[in-house]
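Descriptive structure summary
Take a look at the letters that make up each chain.
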Amino acid sequence: DRVNINKYLRDPWIVKRFEEFFPDWLKTCPRFRFNGLDEFKHSCFSQGSQEYFLNYYMTHRNRRFRIFKGECWWHMECWKKQGLDWAYIEDADLAPNDVVIISCPFARPGDEHPQQKNLIEQCERMGVPVMLDFIYLPNATFDSFQIDLTPTCIKSLSFSMSKTFPIANARVALRMTREKVFDPMQISNDENVSNRLATGVGLECMEKFPVDYMVQKY
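Let me sum up the structure you'll find in this document. Quick caveat: nothing in here was measured; it's all calculated off a predicted structure.

**Things to note about helix H2 (residues 14-27)**
Residue pairs spaced three or four apart in an α-helix point in one direction, given the helix's 3.6 residues per turn. In this model H2 runs 20 Å from its N-terminal to its C-terminal C-alpha over 14 residues, within 8% of the 20 Å that 1.5 Å per residue would give. Taking the largest bend as the criterion, H2 deviates by roughly 30°, centred on Phe21, and proline Pro23 comes between one and four positions later. The set of residues buried in H2 consists of Ile14, Val15, Phe18, Glu19, Phe22, Pro23, Trp25 and Leu26.

**What to know about the environment of Glu39**
Of note, Glu39 is situated in the loop between strand S1 (32-35) and strand S2 (42-46). With a relative accessible area of 33%, Glu39 lands in the partly exposed category. As a C-alpha pair, Glu39 and Glu90 span 51 residues in sequence and 30 Å in three-dimensional space. Look past the residues within four positions of Glu39 in its chain and what remains in contact with it is Thr150, Thr177 and Arg178.

**Describing the nonpolar core**
By size, the foremost hydrophobic cluster in this structure holds 49 residues, and its most contacted members are Phe34, Leu132, Phe134, Phe145, Leu149, Leu157 and Met161. Contacts of Leu132, omitting those with residues within four sequence positions, involve Ile102, Ile120, Ile147, Leu149, Ile154, Ser156, Leu157 and Ser158. Counting 16 residues, the second-largest nonpolar core is a separate cluster that includes Cys44, Phe65, Met76 and Met185.

Each value, and the rule that gives it
- Residues numbered from 1 in each chain as written.
- Predicted model: local features only at pLDDT ≥ 70, side-chain atom pairs only at ≥ 80, totals over all residues.
- Heavy atoms only, no water.
- Helix = DSSP H or I, 4+ residues; strand = E, 2+ residues; numbered from the N terminus.
- Expected span 1.5 Å × (residues − 1).
- Bend = angle between axes of the 7 residues up to and from the residue.
- Buried < 20%, exposed > 50% of the residue type's maximum accessible area, 1.4 Å probe, protein only.
- Contact = heavy atoms within 4.5 Å.
- Core = buried A, V, L, I, M, F, W, Y, C linked by side-chain atoms within 4.5 Å.

Structural measurements only, silent on function.
Next comes the structure, spelled out in structure tokens:
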């Protein structure tokens, strides 16, 4: 209630400040250890997780999308409605033309999926691109979380503040990629027409609260 969002509408650098501050904010949590995070040098503001997912679908629309059973329902709903090819990882062997999305912690149990490491090793051997979605990470209650991001098959990391703070409808999220992706989201970002109000609200939340605030408090 005390955030003066009008000032961010006039701030031409707020999106860049948000993108630069986010990785540093993430690293301040002593419970999280990301090996290789600095290799993902390209940060791009996203209007919620839905925007980076939609751009991911568009980029890989000619591939078959793969997820574990128990993943967020939104993926399957979109793929079915849009006629995109997809299959559960448990139901078919991985193929070179596949593309993988994994939420980490995993959507259903709230912990790392027991087959995640094996899947990433297989994707690395086959050259199958992987997106790791950390939307649930801030609310994870485990004492220590360590993940290796060095496998080159991991192309993008995604984060959202919707599950952390009561700003879901402000649509505050971020994508980090190993290589720059020239999709519509990145093109808008490069033209500096991203949502300044959302990034302003997100930046103020990060400046005032730690990434695991919900776990610490509740």
